[in-house]
Amino acid sequence: HRHLLGIEGLSSSEITALLDLSEEAAKRGRQVDKKRDDLRGRTLINLFFEASTRTQSSFELAGKRLGADVMNMSIPTSSIKKGETLIDTAVTLNAMRPDLLVVRHHAAGAVELLSQKVDCSVITRATAATEHPTQALLDALTIRRHKNRIEGLIVAICGDILHSRVARSNILLLNALGARVRVVAPSTLLGAAVDRLGVEVYTSMHEGLKDADIVMMLRLQRERMVSSLIPSQREYFHFYGLDYDKLARAKPDALIMHPGPMNRGVEIDSNVADDARSVIREQVEMGVAVRIAVLQALARHLPNQ
Ligand code: CP
């Protein structure tokens, strides 16, 4: 593949190969000599139209660890503010001959359109209502490191499914590797698309979390909701926030996951987020390893310099 726009289109063996490559990167990451040269002489541009802490910084670190020149394009100070379109911006950057573009954009389809207009590799870092492929890969890597498998695990993805690209990518990946995926959300935040994704649907946390091996919480994406439909934080936490009472329904050794950014006290109790079963910080650590692996895999398809 020349681009990575989603989990959709990847076979289970391609996903497993990326996870194996990520595992190697995770192990190397603990060694002192961690600089490689897979991307020496290559240029990677981070192009982010939406806020990011984890994805942007881990792609920057991953690119630098592989020897690439990494440029972070700041949209708030770019000519987008003067009315230049997404495509003209991308074509302009493409004229500077980057080898890889890493893009996050709010509009569904924007990154796919962009990938057709440039002649470098494009990786989506998440676009609204579509996918966040590297997040699903890092979540699967984290799960595999603790449970030694994905197949047969019961994974409950809970919260704002409707607005979540993380949920969509995770459902596709976990289904491809044979997990039993449940989504748990109020009916207003499920979205019609889940019916077609092969998941078990619950509107009750007590039912949806029963015997779960993995409890994956999602942020309530208030910025994407019509203000009159935003649930009250207190009420939302009461019914859908992960607290110890609801967590007790899951298996005793269930992993607590959250892609971040977290809103403590809204979708997750603060103590639960810091519980010994929480792997939230390890997810961030695996994020660097997965992005190194994705860049290494794409580097093999870059034209010779
Ligand atoms: N999980 C995730 O994508 O985090 P950021 O929005 O901080 O990149």
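Residues numbered from 1 in each chain as written. Predicted model: local features only at pLDDT ≥ 70, side-chain atom pairs only at ≥ 80, totals over all residues. Heavy atoms only, no water.

Per an unreviewed UniProt entry, the chain goes by Aspartate carbamoyltransferase and derives from Methyloceanibacter marginalis. Turning to the chain, the UniProt annotation filed under Pathway (unreviewed entry) states: "Pyrimidine metabolism; UMP biosynthesis via de novo pathway; (S)-dihydroorotate from bicarbonate: step 2/3." (UniProt positions renumbered as here; feature names shortened; annotations may be inferred.)

A. Highlighting the packing of helix α2 (residues 54-65) against helix α11 (residues 280-299). At a minimum axis distance of 8 Å, the contact between α2 and α11 shows a crossing angle of 50°. What the angle tells us is that α2 and α11 run oblique. When you trace α2 past α11, the crossing you get is right-handed. On the side of α2, the interface is formed by R54, T55, S58, F59, L61, A62, G63 and R65, while α11 contributes V284, G287, V288, R291, I292 and L295. Its residues placed into classes, the contact of α2 with α11 shows seven nonpolar, four polar and three charged. (Axes fitted to C-alpha atoms, helices over the stretch in contact; angles between N-to-C directions. Helix = DSSP H or I, 4+ residues; strand = E, 2+ residues; numbered from the N terminus. Parallel < 35°, antiparallel > 145°, perpendicular 65-115°, else oblique. Left-handed = near helix turned anticlockwise from the far one by under 90°. Contact = heavy atoms within 4.5 Å. Nonpolar A, V, L, I, M, F, W, Y, C, P; charged D, E, K, R; others polar.)

B. Expanded view of the pattern of salt bridges. If you walk through the whole model with that rule in mind, you get 20 salt bridges. A salt bridge links E200 to R180, with the shortest nitrogen-to-oxygen separation between them at 3.3 Å. Pair noted here: E200 is in strand β7 (residues 200-202) and R180 is in strand β6 (residues 180-184), with a separation of 20 residues, a long-range link. What makes E200 partly exposed here is its relative accessible area of 28%. Classification of R180 as partly exposed rests on a relative accessible area of 40%. A salt bridge links K251 to D213; the nearest nitrogen and oxygen atoms lie 2.9 Å apart. Of the two residues, K251 is situated in the loop between α9 (244-247) and β9 (255-257) and D213 in the loop between α7 (205-208) and β8 (214-217); the sequence distance between them amounts to 38 residues. (Salt bridge = Lys/Arg side-chain N within 4 Å of Asp/Glu carboxyl O. Buried < 20%, exposed > 50% of the residue type's maximum accessible area, 1.4 Å probe, protein only.)

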